[in-house]
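Structural overview
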Amino acid sequence: MGRGWAIAVHGGAGVDPNLPLHRQEEAKQLLTRCLNIGIAALRSSLPAIDVVELVVRELESDPLFNSGRGSALTEKGTVEMEASIMDGSGRRCGAVSGVTTVKNPISLARLVMDKSPHSYLAFSGAEEFAKQQGVEMVNNDYFITQDNVGMLKLAKEANTILFDYRIPSTGMESCAAAVESPIVMNGLPISIYAPETVGCVVVDGQGRCAAATSTGGLMNKMSGRIGDSPLIGAGTYACDLCGVSCTGEGEAIIRSTLARDVAAVMEYKELGLQEAVDFVINKRLDQGLAGLIAVSNNGEVAYGFNTNGMFRGCASENGFMEVGIW
Amino acid sequence: MVAFPSNKEKKKQKSRVTITQHTEKTFYILRIYGWAAMGWAIALHGGAGDIQKSLPPERREPREAALRHCLEIGVAALKAHKSPLDVVELVVRELENHPHYNAGRGSVLTTHGTVEMEACIMDGKSKQCGAVSGLKTVVNPISLARLVMEKTPHIYLGFDGAEAFAREQGVETIDSSHFITPENIERLKQAREANRVQIDFTQPLPKVPQETPTSSGDSQIGTVGCVAVDNQGNLAAATSTGGLVNKMVGRIGDTPVVGAGTYANHLCAVSATGKGEAIIRATVARDVAALMEYKGLSLEDAAAHLIHESTSPGTAGLIAVSATGEVTMPFNTTGMFRACATEDGHNEIAICPFY
């Protein structure tokens, strides 16, 4: 059986070094609030899978991070959200992509897992399923914040040089270097990039692990773009051993099957949780920038990132609690 | 005619001396440590599933012929020194164009009677990859996946966005009705009557009494895929599918999910087929590579572990090649349409476990 519960939350890897202090404070407060919600749920013996859903719903409902309300915008100025959830016991999973009117995508992912014969539904089919299941739906405008409208404009200006796939990729590096901001992620200056995907991993008192990740995706993404968050093994993974949620440059995370690899090196190389996290961040990411949070079935919690920062918080039953950005 | 060799004969073929003994010894040592490539290899599949031994010849033979034809195309391309990435794309295009396999033309239908195709391609050395889902008009989904990999900053495009990208890139598109075959209309009807989601390859639930021969017709169709390695050890994998009969609109399976249905790195290339949901949760394709990388297993042992330990009986099959030119094609279903060839002369086309 388990050796105590543990929980971690994140609000994305890759942070603008010039992020105003009051914004940093807001982020920390939100992470703390979400941790406390999770801790309370764990103390009242909710299973891990319910706790990760509950916490990610809270993160989706707050406009601060890039998920649910506050999601990044597509090149068309709309919101297309995606999410996935996985229960370590039985490795059951559910995922959604291209969701435009569902208030809490993570709960729809949970319903795909629990109530559909499939594990992944997308776009109009996912919306249809949402209506069928009677989840709370809102107009797409609900998700769009003024901040993000401004960011999209900036991203478009930057992308006209940086990110047009019709320009041969050989030209891209020199163009990227010409942009003022020293840090570039996914081809965007960090001040605009703001990945801020959210995620939560939990091991409950019985040693059951679960993971959940939710995102609006990449600012100025092509309509239809699917990132790592809904992909089991990439952005989200849980099994008997651990639960993992990743964030950062989605394409790098997909290529390195980052979340599964934390579990794979624990299973096949018999590394401990923190060793496994360090291993995948250092050895698996190639050039990519990303971060992740993880818990193990014996109540450990760990995180790692190779970006300049990651919004994160973690706590465990023995009284440990930490909220940090840098 | 392709002979189906016994296991003993297969072993003999594998050990056939093709180079001088001295060189072979050196290569053998290098091969043990994974330093030397030993020649090209290719494998392809047309889906794993509940394929009955009683499958009548008129249904088996056209599919065998297609496998043989596609294998020949792939072997010729490898001999002409085409890159494995080009080879797997070429072979999967051919399988997509074949109406008896569940990909491209011949794709099975959603619960609304529509086609939604998906595909994924991955290059081993660079780990570059591209994937698409929810295609309705693109003649060759695998080639669109390749374009996503090469011409966009993204890896994965789905549904309307993927269709818009296809038009922008000028790939061949056609009215959705092109993909729909009478056999698949019939299969959907049967699945609806059975009121359940039917895995692409299962026998339709026999209506009582079974009415026409067509009701057991093209039911053994599955996902298609190809993996290849050249004699420099470059690897690539590609998978394409129409998904499940009577699937919900918007359903995404394992095929386009990198690490689930498709994966390639510097060690091996893998394409999986079977029950998508089972393959996703077992991250089948990535785990073959992970077992080789982290546990030092051989390709054959790694693949066998996935099929016999990590997935339940009746749910999965895979084809895989290693950088050193080994091939393996295990499955835990009744059968899997499969074919492979290696530079040292091994050649196989089979459906059920032993033939």
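Everything that follows concerns the structure shown earlier in this document.
Description of the structure in this document. The shown structure was predicted, so the numbers you read here are calculated from the model rather than taken from an experiment.

Criteria and cut-off values
- Residues numbered from 1 in each chain as written.
- Chains lettered and ligands numbered in written order.
- Predicted model: local features only at pLDDT ≥ 70, side-chain atom pairs only at ≥ 80, totals over all residues.
- Heavy atoms only, no water.
- Helix = DSSP H or I, 4+ residues; strand = E, 2+ residues; numbered from the N terminus.
- Buried < 20%, exposed > 50% of the residue type's maximum accessible area, 1.4 Å probe, protein only.
- Contact = heavy atoms within 4.5 Å.
- Areas by Shrake-Rupley, 256 points an atom, 1.4 Å probe, with all protein chains shown as cover.
- Lys, Arg positive; Asp, Glu negative; His and termini not counted.
- Salt bridge = Lys/Arg side-chain N within 4 Å of Asp/Glu carboxyl O.
- Polar contact = N/O pair within 3.5 Å; in protein donor to acceptor, adjacent residues only side chain to side chain.
- Axes fitted to C-alpha atoms, helices over the stretch in contact; angles between N-to-C directions.
- Parallel < 35°, antiparallel > 145°, perpendicular 65-115°, else oblique.
- Left-handed = near helix turned anticlockwise from the far one by under 90°.
- Pairing = 2+ DSSP bridges.
- Core = buried A, V, L, I, M, F, W, Y, C linked by side-chain atoms within 4.5 Å.
- Phe/Tyr/Trp six-rings, centres within 6.5 Å; stacked < 30°, edge-to-face > 60°.
- Lys NZ or Arg CZ within 6 Å of the ring centre and 35° of its normal.
- Nonpolar A, V, L, I, M, F, W, Y, C, P; charged D, E, K, R; others polar.
- Buried area = accessible area lost by both parts, 1.4 Å probe.
- Expected span 1.5 Å × (residues − 1).
- Arc of directions from axis to C-beta.

1. Digging into the overall build of chain B
Of the regular secondary structure elements, chain B holds ten helices and twelve strands. The buried share of chain B, taken over its 355 residues, is 60%. Of the contacts made within chain B by residues no fewer than 6 positions apart, 67% connect residues no fewer than 24 positions apart. Summed over its atoms, the accessible surface of chain B is roughly 13200 Å², and 53% of this surface lies on carbon and sulfur atoms.

2. Comments concerning the side chain of B:Asp123
Residues and elements named next belong to chain B. On the secondary structure map, Asp 123 appears in strand S2 (residues 117-123). Although Asp 123 is buried, it forms no salt bridge, and the closest oppositely charged side chain is Arg 146 at an N-O distance of 7.9 Å. A polar side-chain atom of Asp 123 sits 2.7 Å from a polar atom in the side chain of Ser 126. Residues contacting Asp 123, with those up to four places away along its chain left out, are Leu 85, Gln 128, Met 149, Leu 235 and Ala 264.

3. What about the environment of B:Lys247?
With respect to the helices, strands and loops of the structure, B:Lys247 is situated in the loop between strand S6 (235-241) and strand S7 (262-264). Considering only alpha carbons, one finds B:Lys247 and B:Val108, 139 residues apart in sequence, at a separation of 8.9 Å. Dropping the residues within four chain positions of it, B:Lys247 is found in contact with A:His118, B:Leu109, B:Thr110, B:Thr111, B:Glu116 and B:Gly242. Within polar-contact distance, the side chain of B:Lys247 engages the backbone oxygen of B:Gly242 at 2.9 Å.

4. Focus on the packing of helix H9 (residues 258-268) of chain A against helix H9 (residues 284-295) of chain B
Two numbers describe how H9(A) lies on H9(B): the axes approach to 10 Å, and their chain directions differ by 45 degrees. Judged by the angle between their axes, H9(A) and H9(B) are oblique. Of the two possible hands of crossing, H9(A) and H9(B) adopt the one that is right-handed. Seen from H9(A), the contacting residues are A:Arg260, A:Asp261, A:Ala264, A:Val265 and A:Tyr268; seen from H9(B), they are B:Arg286, B:Asp287, B:Ala290, B:Leu291, B:Tyr294 and B:Lys295.

5. Some words on the sheet that holds strand S1 (residues 41-49) of chain B
Taking strand neighbours across the sheet as the criterion, the nine strands line up as S9(A)-S4(B)-S3(B)-S2(B)-S6(B)-S5(B)-S1(B)-S11(B)-S12(B) in an open arrangement whose pairing is mixed. Edge strands, defined here as strands with exactly one partner in the open sheet, are strand S9 (225-226) of chain A together with strand S12 (347-350) of chain B.

6. Quick word on the pairing of strand S13 (residues 301-305) of chain A
Residue and element names in this part refer to chain A. Relative to S13, strand S12 (residues 290-296) is paired through five bridges, and the arrangement is antiparallel. Pairing of Gly 291 across the sheet is with Phe 305, part of S13. What sits between S12 and S13 in their antiparallel hairpin is a turn of four residues, with Gly 299 showing a positive phi close to 90 degrees.

7. Points about the nonpolar core
Ranked by size, the top nonpolar core spans 102 residues in total, and within it A:Leu292 and B:Leu318 carry the most contacts. Residues A:Leu19, A:Leu64, A:Val96 and A:Ala126 belong to the second largest nonpolar core, which totals 59 residues.

8. With respect to H9(A)
Taking burial as the measure, the eleven residues of H9(A) include ten buried ones, the bulk of the element. Against the buried residues of H9(A) lie strand S10 (236-238), strand S11 (242-248), helix H8 (250-255), helix H10 (273-284) and S12 of chain A together with H9 of chain B. Two residues or fewer past H9(A), A:Glu270 is found with a positive phi of approximately 55 degrees.

9. Some details on the packing of aromatic side chains
Residue and element names in this part refer to chain A. Per the stated rule, a full pass over the model turns up six aromatic pairs over all chains. Measuring from centroid to centroid gives 5.0 Å for Tyr 142 and Phe 143, while their planes differ by 80 degrees, and the two rings are edge-to-face. For Tyr 142, a relative accessible area of 24% translates into the label partly exposed. One residue, Arg 69, lies across the ring of Tyr 142, its end atom 5.7 Å from the ring centre.

10. Some words on the packing of helix H1 (residues 21-43) of chain A against helix H2 (residues 48-61) of chain A
Residues and elements named next belong to chain A. Two elements in contact, H1 and H2, have axes separated by 9 Å at closest approach and are oriented at 155 degrees. It follows from the interaxial angle that H1 and H2 lie roughly antiparallel. Considering the relative orientation of H1 and H2, their crossing is right-handed. Packed against H1, whose contacting residues are Leu 30, Arg 33, Cys 34, Ile 37, Gly 38, Ala 41 and Leu 42, the element H2 presents Val 51, Leu 54, Val 55, Glu 58 and Leu 59 at the interface. Class assignment for the residues of the contact of H1 with H2 results in nine nonpolar, one polar and two charged.

11. Some details on the sheet that holds strand S2 (residues 81-87) of chain A
All names here are of chain A. Ordered by their spatial adjacency, eight strands build an open sheet running S4-S3-S2-S8-S7-S1-S14-S15, and the pairing between neighbours is mixed. This sheet does not close on itself; its edge strands, each paired only once, are strand S4 (120-122) and strand S15 (321-324). Recorded for the sheet is a direction-independent mean angle of 5 degrees between the axes of neighbouring strands. Where S2 meets strand S3 (residues 92-99), six bridges bridge the pair, whose relative direction is antiparallel. Within S3, the residue paired with Asp 87 across the bridge is Arg 92.

12. Here we look at the interface of chain B and chain A
Chain B puts 44 residues into the contact, and the matching count from chain A is 44 residues. The contact between chain B and chain A buries some 3800 Å² in all, and 61% of this surface belongs to carbon and sulfur atoms. Contact with chain A buries surface across chain B, with B:Met248, B:Arg281 and B:Tyr294 losing the most and accounting together for 19% of the total. Here chain B and chain A share three salt bridges between them. Across the pair B:Glu293 and A:Arg284 runs a salt bridge, and its minimum N-O distance is 3.6 Å. Counting every contact that joins chain B to chain A gives 19 residue pairs in polar contact (both at pLDDT 80 or more).

13. Quick look at the pattern of salt bridges
All names here are of chain A. Tallied over the entire structure, the rule returns 24 salt bridges over all chains. Ionic pairing is found between Asp 87 and Arg 92, a salt bridge with its closest N-O pair at 3.7 Å. Given a relative accessible area of 9%, Asp 87 falls into the buried group. The closest approach of N and O atoms between Asp 261 and Arg 284, which form a salt bridge, is 2.8 Å. Linking Asp 261 in helix H9 with Arg 284 in helix H10, this pair joins segments that are 23 residues apart in sequence. The buried category is assigned to Arg 284, whose relative accessible area is 4%. Connected through shared salt-bridge partners, Asp 50, Glu 53, Asp 87, Arg 92, Arg 110 and Asp 114 make up one network.

14. Topic: the side chain of B:Thr223
Tracing the backbone through its elements, the reader meets B:Thr223 in the loop between helix H7 (182-194) and strand S5 (224-229). A relative accessible area of 4% means that B:Thr223 is categorised as buried.

15. Points about H7(B)
Residue and element names in this part refer to chain B. Taking 1.5 Å per residue, 13 residues should reach 18 Å; H7 reaches 18 Å between its end C-alpha atoms and fits that length. Turning to H7, its buried residues number three or more, namely Asn 184, Arg 187, Leu 188, Gln 190 and Ala 191. For H7, the arc enclosing every buried residue in end-on projection is 165 degrees, short of the 170-degree limit, so these residues lie on one face.

16. Description of the environment of A:Ala294
Topologically, A:Ala294 is positioned in strand S12. Not counting residues within four places of it along the chain, the set of residues in contact with A:Ala294 comprises A:Val201, A:Gly243, A:Val244, A:Leu273, A:Val277, A:Glu300, A:Val301 and A:Ala302.

17. Here's the deal with the pairing of strand S11 (residues 335-342) of chain B
On a regular strand, one side chain projects to one face of the sheet and the next to the other, so that they alternate. Residue and element names in this part refer to chain B. Counting buried positions along S11 yields eight of eight residues, so the element is predominantly enclosed. Where burial is concerned, the two faces of S11 agree: the one with Gly 335, Phe 337, Ala 339 and Ala 341 and the one with Met 336, Arg 338, Cys 340 and Thr 342 are both buried. Judged from the seven bridges that link them, S1 and S11 form a sheet pairing that is antiparallel. By the bridge assignment for S11, Ala 43 is matched with Cys 340. Inspection of the sheet shows S11 paired to S12 by four bridges, in the antiparallel sense. Bridge assignment links Ala 341 to a residue of S12, and that residue is Asn 347. The loop that links S11 with its antiparallel partner S12 comprises four residues; one of these, Gly 345, has a positive phi angle of about 100 degrees.

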